[in-house]
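Architecture and fold: a report
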Amino acid sequence: CCINAWTVANGVWLGAEAGVSIWNGESFFNLTRATGLPDANIRALLADGDAMWIGSGGGGLYRFERNQLEVLNADNMKLPSDVITALALTADGALLVGTDAGLAELRAGVVAPVPEIGERAVTHILAVDATAWVGTIGDGLFYNLGASWQQATTQNILPSNHVTALTDFGNAVWVGGASGGLARYDLSSKEE
């Protein structure tokens, strides 16, 4: 459906339904099923130093570093699902992994589910400073400002319970909804 892109010091990474293409400034290098990807339908990319995290549509989470591919999935790491929908790095170095069946945190090689999200399908994740924001398909927005997880829905702030976009700009988090509209959360005052 979509192309994911990430620009890093050594090139541009593009993920799509057929795999990953890496442009180094002179040529492309491709990661596909033929070159070892368990599932080539790429849903998310995230640079982490010299490594690239790659979320797939059914093969789990991949870590590509120094021409080596590591596969993390529901069987070997207890991810909530092998359908990875979103990725984000927290300020303290944890990797948040969104799936179609919940959110997990990968820290120091250990995966822990985030129980407050439950088995909800995650659409987007945003980590800003010490805060984390998680959009879902039908249950609105979950956010953690440092103490505990809270939920926002159409009952209190959101234009839609299906979050389609999350971004930070101007000391605020902007939340887009499927049926249109935006919500803005001001980070300086911690008010919605």
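Quick notes on the rules
Residues numbered from 1 in each chain as written. Predicted model: local features only at pLDDT ≥ 70, side-chain atom pairs only at ≥ 80, totals over all residues. Heavy atoms only, no water. Helix = DSSP H or I, 4+ residues; strand = E, 2+ residues; numbered from the N terminus. Rg over C-alpha atoms; globule rule 2.2 N^0.38 Å. Buried < 20%, exposed > 50% of the residue type's maximum accessible area, 1.4 Å probe, protein only. Contact = heavy atoms within 4.5 Å. Areas by Shrake-Rupley, 256 points an atom, 1.4 Å probe, with all protein chains shown as cover. Lys, Arg positive; Asp, Glu negative; His and termini not counted. Charge placed at Lys NZ, Arg CZ, Asp CG, Glu CD. Phe/Tyr/Trp six-rings, centres within 6.5 Å; stacked < 30°, edge-to-face > 60°. Salt bridge = Lys/Arg side-chain N within 4 Å of Asp/Glu carboxyl O.

So, the overall build of the chain
Check the secondary structure of the chain and you find one helix and 19 strands. Computed over the C-alpha atoms, the radius of gyration of the chain is 17 Å, within 12% of the 16 Å expected from 2.2 N^0.38 for a compact globule of 192 residues. Once the C-alpha set of the chain is aligned to its principal axes, its extents read approximately 50 × 35 × 30 Å. Every one of the 192 residues in the chain was classed for burial, and the buried ones make up 44%. A sequence separation of at least 24 residues applies to 32% of the contacts in the chain between residues at least 6 apart. When the accessible area of the chain is evaluated, it comes to approximately 9500 Å², of which 49% is carbon and sulfur surface. Positive and negative charge centroids in the chain, built from 9 and 20 side chains respectively, lie 2 Å apart.

Structural notes on unusual backbone geometry
With phi around 60°, N67 is a residue other than glycine that occupies positive phi space. Note that N67 resides in the loop between β7 (61-65) and β8 (68-72). Of the residues examined, N67 reaches a relative accessible area of 62% and is grouped as exposed. Positive phi, normally seen in glycine, also occurs at N171, with a value near 60°.

Some remarks on the packing of aromatic side chains
In the structure shown here, the tally under the stated rule is six aromatic pairs. Centre to centre, the rings of W13 and F64 are 5.7 Å apart; their planes meet at 65°, and the pair counts as edge-to-face. Taken together, the positions of W13 in strand β2 (residues 11-16) and F64 in strand β7 put the pair 51 residues apart, joining distant regions of the chain. Summarising the aromatic geometry, the rings of W133 and Y185 are spaced 4.9 Å apart at their centres and angled 65° between planes, so their arrangement reads as edge-to-face. Of this pair, W133 sits in strand β14 (residues 131-136) while Y185 sits in strand β19 (residues 182-186); the two residues are 52 residues apart in sequence, bridging distant segments of the chain. Pair check on accessibility: W133 and Y185 agree, each one buried. Members of the aromatic cluster, each reached through a chain of ring pairs, are W13, F29 and F64.

What to know about the pattern of salt bridges
Enumeration according to the criterion identifies six salt bridges in this entry. Between E65 and R66 there is a salt bridge, with its nearest N and O atoms 3.2 Å apart. With relative accessibility at 66%, the residue R66 sits in the exposed group. A salt bridge links D92 to R107, with the shortest nitrogen-to-oxygen separation between them at 3.2 Å. One end of the pair, D92, is in the loop between β9 (84-89) and β10 (95-99); the other, R107, is in strand β11 (residues 102-107), with 15 residues separating them in the sequence. Here the salt bridges do not stand alone but share partners, grouping D48, R63, E65 and R66 into one network.

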